[in-house]
Structures are given as structure tokens and as C-alpha cells.
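Understanding the architecture of this molecule
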Amino acid sequence: MKALIVIESCFGNTEQIAQAIVAGLRSRDIEAAVVQANQSPKIDDIELLIIGAPTHSLGLPKPATRRQANAKGGHAEESGVSEWLDALAKLQGRRVAAFATVTGGRFTGSAARAIAKKMRRHSADVVACEDFLVSGTQGPIADGELTRAEQWGAALI
Ligand SMILES: Cc1cc2nc3c(=O)[nH]c(=O)nc-3n(C[C@H](O)[C@H](O)[C@H](O)COP(=O)(O)O)c2cc1C
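Owing to the predicted nature of the structure, the values given are computational and were not obtained by experimental measurement.

Turning our attention to helix α5 (residues 145–154). Among the residues of α5, Glu 145, Ala 149, Trp 152, Gly 153 and Ala 154 are the ones counted as buried. As for α5, its buried residues are in contact with α1 (13–26), β3 (48–54), β4 (95–102) and β5 (125–133).

Below is the structure:
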């Protein structure tokens, strides 16, 4: 089976979680790689598509929130997961999983839920949707979350 993880990440935390998910998939002998959404990845031969993003203003990053992240030292590009998903063709039952990084608390929202919603509109089969905790806007990733991400990746197949 071939898996692809499509992400965006302003401070590197979502990318680190993605790499842990790759490690989990590879531990189950799945071919897996991470690619940035703004590189317009091709997914024709991908059997398991995993999409991840940082949570911004309760949902997916947008140009305005990416600029806010960059004002705090981030390195976001103009477009990312939301724009890539909007440009995708129908996924017709393709297995997909969504994840996000969140800072936690009572009103965090979740980019993962926003991704899952868009994927269902594309007729995808959403098999998992998960949030991973970071300790603040810039990170770092909370204790134990990289291990949890690796286990989550391994359990996706
Ligand atoms: C503009 C902006 C808005 C944010 N809004 C939220 C939010 O609504 N909920 C939340 O849990 N975290 C929020 N955060 C914190 C992000 O979750 C955190 O920066 C992100 O997970 C770090 O991941 P990254 O290094 O991949 O960008 C926000 C961060 C920024 C920059």
C-alpha cells in the first residue's frame, strides 16, 4: 500500500507530527512520504491519503491567519491545505485520514474536523480524524504526542 501525507506547517510542529506518522506507517511496511500542499502533490496512485494542518482561528489556515503566523516568526506560504483541497477532483471512496495540531483548552476548534468535512464533500471515505497537542503557538509539541502520532499512523492500515 502507498500512503501520502499532505500538510502545511507554519512553525514546523505539524510537519514533525507528519514525520512521526510516516514512521508509524513504515513500521507496518507501508510506503509513505510527506509533501507540502502548496507543491500541488499528485495523488492518482495513493491508496491512503493523510492530510494535516495547524488549527488557525478554530479551523484551517487562511491567507490572513498565515500572515498572522508569519508576524510571529512563522514561515507560512500564501496557499496550503484548504486551497489544495478546494482544487481537488472527487475522491470517490478513497481512504483518507485527517489530523491537526491544536494548542488545547476549551475553544480550540480543529483543522482536522474542517479537513474531514471537505473530504466528505469530495466523497472520500474518512477513516480517522485526530488532534495532536502543541504547548503554544510556536510549539513545542506536547509530551507524548510524537509517540501517539506514530501509533496513530501505524493503526491507520
Ligand atoms: C493565527 C493563528 C491562529 C490560531 N488559532 C488557533 C485556534 O483557534 N485553536 C488552536 O488550538 N490553536 C490555534 N493556534 C495555534 C496553532 O494551533 C499552532 O500555532 C500550530 O498548531 C502550530 O503548528 P505549526 O508549527 O505546524 O504551524 C493559532 C495559531 C495562529 C498563528
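With respect to topology, five strands assemble into an open sheet ordered β2-β1-β3-β4-β5, the strand pairing being parallel. A single partner strand is all that each edge strand has here, and the edge strands are β2 (31–36) and β5. Direction aside, the axes of adjacent strands within the sheet are offset by 20° on average. Contacting β1 (2–7), β2, β3, β4 and β5, α1 runs over the sheet at an angle of about 165° to β2. Relative to β5, helix α4 (residues 111–121) is tilted by about 165°, and along the sheet it contacts β3, β4 and β5.

Here we come to the environment of Ala 69. Assignment of secondary structure puts Ala 69 in helix α2 (residues 63–71). As for Ala 69 and Val 102, which are separated by 33 residues in sequence, their C-alpha atoms are 14 Å apart. Among residues more than four places away in sequence, those in contact with Ala 69 are Cys 10, Phe 11, His 56 and Gly 74.

The next subject is the side chain of His 56. Here His 56 lies in the loop between β3 and α2. Judged by relative accessible area, which is 12%, His 56 ranks as buried. Among the polar contacts made by the side chain of His 56, one reaches the side chain of Thr 65 at a distance of 2.9 Å. The residues touching His 56, leaving out its near neighbours within four places in the chain, are Cys 10, Pro 61, Thr 65, Arg 66 and Ala 69.

How each quantity is defined
- Residues numbered from 1 in each chain as written.
- Predicted model: local features only at pLDDT ≥ 70, side-chain atom pairs only at ≥ 80, totals over all residues.
- Heavy atoms only, no water.
- Buried < 20%, exposed > 50% of the residue type's maximum accessible area, 1.4 Å probe, protein only.
- Helix = DSSP H or I, 4+ residues; strand = E, 2+ residues; numbered from the N terminus.
- Contact = heavy atoms within 4.5 Å.
- Pairing = 2+ DSSP bridges.
- Axes fitted to C-alpha atoms, helices over the stretch in contact; angles between N-to-C directions.
- Polar contact = N/O pair within 3.5 Å; in protein donor to acceptor, adjacent residues only side chain to side chain.

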